[in-house]
Amino acid sequence: MMSTSVSRSASLAELAGLVDGELRGPGDLRITGVAALASAEPGQISWLTEARFISRLAQSRAGAALIPASLADSPKPAIVCADVEHALALILGHFAPSLPQPAQGIDARAQVAPDAVLGDGVAIGPFAVIESGAQIGARSIIDAGAYVGAECRIGEDCRLWPYVVVRERCTIGDRVLIHPHAVIGADGFGYYLRAGRHHKIPHLGGVMIGDDVEIGAGACVDRSKTGNTVIETGVKIDNLVQVAHNVVIGAHSVLCAQVGVAGSARLGKYVLLGGHVGIRDNIALGDRVQVAACSCVPQDVDAGVKMAGLPATEFRQYLREHASLRKLPELVAQLRELVRRVEELEAAADNSQDG
Amino acid sequence: MMSTSVSRSASLAELAGLVDGELRGPGDLRITGVAALASAEPGQISWLTEARFISRLAQSRAGAALIPASLADSPKPAIVCADVEHALALILGHFAPSLPQPAQGIDARAQVAPDAVLGDGVAIGPFAVIESGAQIGARSIIDAGAYVGAECRIGEDCRLWPYVVVRERCTIGDRVLIHPHAVIGADGFGYYLRAGRHHKIPHLGGVMIGDDVEIGAGACVDRSKTGNTVIETGVKIDNLVQVAHNVVIGAHSVLCAQVGVAGSARLGKYVLLGGHVGIRDNIALGDRVQVAACSCVPQDVDAGVKMAGLPATEFRQYLREHASLRKLPELVAQLRELVRRVEELEAAADNSQDG
Amino acid sequence: MMSTSVSRSASLAELAGLVDGELRGPGDLRITGVAALASAEPGQISWLTEARFISRLAQSRAGAALIPASLADSPKPAIVCADVEHALALILGHFAPSLPQPAQGIDARAQVAPDAVLGDGVAIGPFAVIESGAQIGARSIIDAGAYVGAECRIGEDCRLWPYVVVRERCTIGDRVLIHPHAVIGADGFGYYLRAGRHHKIPHLGGVMIGDDVEIGAGACVDRSKTGNTVIETGVKIDNLVQVAHNVVIGAHSVLCAQVGVAGSARLGKYVLLGGHVGIRDNIALGDRVQVAACSCVPQDVDAGVKMAGLPATEFRQYLREHASLRKLPELVAQLRELVRRVEELEAAADNSQDG
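*Asks:* Would you mind showing me how to read the overall build of chain A here?
*Replies:* Within chain A one finds 4 helices and 40 strands. Its C-alpha atoms give chain A principal-axis dimensions of about 105 × 75 × 30 Å.

*Asks:* Is there a simple way to think about the interface of chain A and chain C in this case?
*Replies:* Interface size is often expressed as the accessible area that is lost when the parts come together. Listed as interface residues are 55 residues of chain A and, on the opposing side, 58 residues of chain C. Of all the secondary-structure elements, those providing two or more residues to the side of chain A that touches chain C are α3 (84-95) and α4 (315-354) of chain A. Across the side of chain A that touches chain C, the residue classes break down as 33 nonpolar, 16 polar and 6 charged.

*Asks:* Looking at this structure, how should I read the confidence of the model for chain A?
*Replies:* Regions with low pLDDT should not have their predicted coordinates read in detail. Residue-level pLDDT values for chain A average 94, and 97% of them are 70 or greater. This complex was scored by the predictor with a pTM of 0.95 and an ipTM of 0.94.

*Asks:* Just to check I follow, could you spell out the interface of chain A and chain B for this structure?
*Replies:* Each partner contributes to the interface: chain A provides 58 residues, whereas chain B provides 55 residues. Tallying contributions element by element places α4 of chain A first for the side of chain A that touches chain B, with 13 residues. For the side of chain A that touches chain B, a count of residues per class yields 29 nonpolar, 17 polar and 12 charged.

*Asks:* Would you mind showing me how to read the pairing of strand β22 (residues 191-194) of chain A here?
*Replies:* Across a regular strand the side chains alternate sides, sitting on one face of the sheet and then on the other. Bridge count between β22 of chain A and strand β23 (residues 197-200) of chain A: 4 bridges; the pairing is antiparallel. Opposite Tyr-192 of chain A, over in β23 of chain A, you have His-199 of chain A as the bridge partner.

*Asks:* Which parts of the structure should I look at to understand the relation of the copies chain A and chain B?
*Replies:* Both copies of the chain are related by a screw-like operation: a rotation about an axis and a shift along it. The two copies are related by a screw operation: chain A maps onto chain B through 120° of rotation and 0.1 Å of translation along the axis, at an RMSD of 0.2 Å. The relationship between the two copies is best expressed as a three-fold rotation axis.

*Asks:* What is the right way to look at the sheet that holds strand β26 (residues 220-221) of chain A in this model?
*Replies:* Adjacent strands of a sheet form backbone hydrogen bonds with each other and so pair up, either parallel or antiparallel. All names here are of chain A. Strands sit in the order β9-β12-β15-β18-β21-β26-β29-β32-β35-β38 across an open sheet of 10 strands; the sheet is parallel. A strand with exactly one partner marks an edge of an open sheet, and here the two such strands are β9 (111-112) and β38 (296-297). Where strand β32 (residues 260-261) meets strand β35 (residues 278-279), 2 bridges bridge the pair, whose relative direction is parallel. What sits directly across from Gly-260, in β35, is Gly-278.

*Asks:* What's the story with the packing of helix α1 (residues 12-19) of chain A against α3 of chain A in this structure? I'm lost.
*Replies:* A pair of packed helices is captured by two measures, namely the crossing angle of their axes and the spacing between those axes. All names here are of chain A. One can describe the packing of α1 onto α3 by two numbers: an axis separation of 9 Å at closest approach and a directional angle of 125°. Judged on the interaxial angle alone, α3 and α1 are oblique. Between α1 and α3 lies a crossing of right-handed hand. Contacts from Leu-15, Leu-18 and Val-19 of α1 reach α3 at Ala-87, Leu-90, Ile-91 and His-94. Its residues assigned to classes, the contact of α1 with α3 comprises 6 nonpolar, 1 polar and no charged.

*Asks:* Got a minute to help me understand the sheet that holds strand β33 (residues 266-267) of chain A in this structure?
*Replies:* All names here are of chain A. Read from one edge of the open sheet, 9 strands run β10-β13-β16-β19-β24-β27-β30-β33-β36, paired in parallel fashion. On the outer flanks of this sheet lie β10 (117-118) and β36 (284-285), each paired with one strand and no other. Direction of pairing for strand β19 (residues 171-172) relative to strand β24 (residues 206-209): parallel, over a ladder of 2 bridges. The residue bridging Ile-172 from the neighbouring strand is Ile-209, located in β24.

*Asks:* Could you clarify how one ought to interpret the pairing of strand β5 (residues 44-47) of chain C in this entry?
*Replies:* All names here are of chain C. Of the two faces of β5, both are covered, the one formed by Gln-44 and Ser-46 as well as the one formed by Ile-45 and Trp-47. In this sheet, β5 lies alongside strand β4 (residues 33-34) in parallel orientation, the contact comprising 2 bridges. Paired with Gly-33 across the two strands is Gln-44, which belongs to β5. Alignment of β5 against strand β6 (residues 64-68), held across 3 bridges, turns out to be parallel.

*Asks:* Where do I start with the environment of Ala-96 of chain C in this structure?
*Replies:* For Ala-96 of chain C, the location among the structural elements is in the loop between α3 (84-95) and β8 (105-106). Between the alpha carbons of Ala-96 of chain C and Ile-130 of chain C there is a distance of 30 Å; along the sequence they are 34 residues apart.

*Asks:* Looking at this structure, I do not really get α1 of chain A. What am I missing?
*Replies:* An α-helical turn contains 3.6 residues, so any two residues separated by three or four positions project in the same direction. Residue and element names in this part refer to chain A. Among the residues making up α1, those that are buried are Leu-12, Leu-15, Ala-16 and Val-19. Along the axis of α1, the buried positions cluster into a sector of 105°, meaning they face one direction only. In the segment just after α1, Asp-20 is the residue with positive phi, at about 55°.

*Asks:* Teacher, can you tell me more about unusual backbone geometry here?
*Replies:* In terms of backbone geometry, most residues other than glycine have negative phi values and most peptide bonds are trans. Following Leu-310 of chain B, the chain continues to Pro-311 of chain B via a peptide bond in cis, the omega torsion being -5°. Relative to the elements of secondary structure, Pro-311 of chain B occurs in the loop between β39 (306-309) and β40 (312-314). Despite not being glycine, Asp-20 of chain A has its phi angle at roughly 55°, a positive value. Relative to the helices and strands, Asp-20 of chain A is located in the loop between α1 and β2 (22-24). For His-252 of chain A, which is not a glycine, the phi torsion comes out positive at approximately 65°. Looking at the element boundaries, His-252 of chain A is found in the loop between β30 (248-249) and β31 (254-255). By the C-beta count within 10 Å, which is 24 here, His-252 of chain A ends up buried.

*Asks:* Help me out: how do you make sense of the environment of Ala-89 of chain A in this one?
*Replies:* The residue Ala-89 of chain A is located in helix α3 in this model. Between the alpha carbons of Ala-89 of chain A and Arg-288 of chain A there is a distance of 24 Å; along the sequence they are 199 residues apart. The contacts of Ala-89 of chain A, once residues within four sequence positions are left out, are Tyr-192, His-199, Ile-201 and Pro-202 of chain C.

Definitions and limits used
For every chain, the first residue of the written sequence is number 1, and numbering continues from 1 onward in sequence order. Both sets of labels track the order of writing: A upward for chains, 1 upward for ligands. In keeping with the predicted nature of the model, local features appear solely for residues at pLDDT of at least 70, side-chain atom pairs appear and are counted solely at 80 or more, and the whole-chain, interface and lining totals rest on all residues. Put simply, DSSP H or I for four residues or longer makes a helix, DSSP E for two residues or longer makes a strand, and each gets a number counted from the N terminus. Our contact criterion uses C-beta atoms placed from the backbone: two residues qualify when those atoms are within 7 Å. Side-chain classes follow a simple rule in which Ala, Val, Leu, Ile, Met, Phe, Trp, Tyr, Cys and Pro form the nonpolar group, Asp, Glu, Lys and Arg form the charged group, and the remainder, Gly included, forms the polar group. Per residue, pLDDT captures the predictor's confidence, and it can take any value from 0 to 100. Pairing between strands is defined by DSSP: at least two bridges between them are needed. Least squares is the method for superposing the copies, and the C-alpha atoms it fits come from residues with pLDDT of at least 70 in both. Helix axes are fitted only over the stretch in contact, all axes being lines through C-alpha atoms; the angle between N-to-C directions runs from 0 to 180 degrees. Working definition: roughly parallel below 35 degrees, roughly antiparallel above 145 degrees, roughly perpendicular at 65 to 115 degrees, and oblique for all remaining angles. In this scheme, a crossing is called left-handed if the near helix is turned counterclockwise away from the far one by less than a right angle; it is called right-handed if the turn is clockwise. Three exposure classes are used, all based on how many other C-beta atoms lie within 10 Å of a residue's own C-beta (placed from the backbone): buried at 20 or more, exposed at 12 or fewer, and partly exposed between those limits. It is the directions from the helix axis to the C-beta atoms whose arc is reported.

The following block contains the structure:
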């Protein structure tokens, strides 16, 4: 049912070739894995992103390291990389065991509607449910217990991890990864109050997710009232994020864990929201807006602006305010002292007038 | 297994009758759907909640619109409504495709205890689990993989979406909707520290949920130590909300996404909590208290008060404080300047005394 | 399939023996349950943690109470306890109905890989999935739909409630409780930007969870890039908490609901994080650090320090700042008044100079 391949060893020269880096040291050095400096073993390669941490490399037990071009000499066999982060990702990819996945085809314990359309090489795990009219693109993996609602369209090379729920009539692009327990297309949270009771507003719309999107475990993207809630291409959403009905998340934006975006908010491209950030309903954030963790944005933000705070304000203003706030208790004391001095001056002035 | 009906077209006159509104324009105009102004097509009806947005209606491609009585003239065929929001909900309901649902009866792949009691017209989806002694009221829908624990009582006309978990001995009223992955009745989070270790406090109680409650995807309502955690009638809870053990949420309250209510807190009726709000354990919020998004309430709040901030304070005080905070850096500069001026006055006074 | 035992009645003398307390009143008084003072019935025992609440005990309908030694006289039959909280936990444990659980062995509707290794007395519920090479220790309970990935090791006497997901190659100690929908070992949230696109960084590592850990409903613990994300022994994690890749949570720490700990943060032992707290990536919190609810910690914190605020600062400083902030609008007015008075003094000084 599942298979896990073992990790592969390589020579340092082979790894240098893999990352298009410059070899420094014995090309035939055998590397069997990758680890951070603090825990690396002699047979493993590690990495150093900044030259100033060179002593950590020297003191480590690592057999070799990926190093930046700025590092003149390395205390260990090394590969000099134009972009250490990129090289590291390639090395991690090399040593990564292949991901377990259900066998191609439909598991005997899955439930797939007769009129569902499955592309070539699709794998459907046990207890998965594919409802009527759903389409699953080629090579996509639907893990154990994942639920694909009626008339959904899932693209190619996607993976829906265990117990992902995609409700009816949602559309998902190619190469989309959705982690366990994420919920796509639940009803938007909308009511109107009439005679003391909240009445539910029907949500006819759906969710449309672009290519190369990743959505974290337990995250929720609600369906829209009409039209679609939209997650554009390349967006990355972390665990436990809430995206409300009718929201638009612009391409290549990144939403860290536990972010909440309220109804009908519109985010531009390459927006970056730190963990726990809240975005008010019906506001617009321009392209490349960045919001610091735990902030709450109550109004429109122009493109490129960095925000922080509760409520969020422009980042340098936020820093100034909080530096002042740190000094506020002292300020209160200063003001009190100043009042006393002014009173003395006033008394003296009165006296001199009297005099 | 699942079925989705197509949406139905109607004449503008029929829709006017449906919402009890006043027809303005050709009654035989054919309407095939509903959409927001920005995306509406000629065959669709849209809506306008405020007269001042009339230019958007004029510029839209919508075939017709729901408009408020305050709008003297409409640039499009229209239905004049006493309450546009209510009319819109009715129109959305008319055009909403019927929700897919499992067939009535018990799916062959569900597991239902022999002594569970199911009302008329109940539908149990594949891989659902109904434990011993559970009761499911008439016409309730238990979707794929939903779990109903031992001795639970679920009312009539409820829907538990896929993978909802309701643990043993919880009670749920009529017409309750619970979205995917919500967890009702997990253990309360309570320990006592003894000899350096946290020991678990048993939670004997349950959860009691009233009629017409809605609970969002991934939300959690923990069971109580003794007695019940209580969600009263008509409460609406959004996605990823946490309601801790022994909490009481008063009738018709609304908790937006990612709210957290700590143990034994008591909320009155018609309380409104914005997204990401935190409520401290063991405090009481009166009826109709409102708390702005991302605020944290550390103490009791009287009925009807609006709160905001971290820690939350009364709303107008919060606005004053934050207006002042915006000016604080400038204030520091002013105070420094004032100190200098007072020093000069003091020096001058000294000189004049000397003189 | 499931069984629930009835609760057992006991005499007051038997309960006094159970909690090693001092009996005050009729030893043969029959007690059938336990309840909080506000709802206790005559046949039930209640508890009083502080002597000053004695009037609530007197006014209650409780048949008896656990009381602290500081209470000289009790208005009801009582058991005097050295530690009421501990005694209460024992009493709750006595009256707790036994938890329903799947029958020992493998449910016919579960899917267990042929090479999975199950200890004595293991119970696997319906629709559970145990992948290839997984090991489950003696007496552990894998509830309905819980998913144990390839090559995972689960210790003895654990319980994975319905739909818990543990992805491949994670390790879990003994007596670990994981509540419904928690996700252990999803991919860490890491990308590098190259040519305008976010590229996924492979996460080769796993998650290592110590003994006696409890993890709440819907909580997420991501797998590490290399090595392990580590939850040490005795840690208690509440619902909807996010623990990112490569984090270390020190032994016996407590994370309340909706906390988020960002990548590679390191928490010491006995750390206490209130609800909704955010911890920045790559920072270190010393042993016994405490952070107030809804705070956001942006930098290292020394052992034993209490923090609060956004951004968090030392707790007494936070209190001072917020007391000052409360007074800030008034301060602005005072400063304005003082400027006016200094201007008068300056004018007078000018006049006297002129004179």
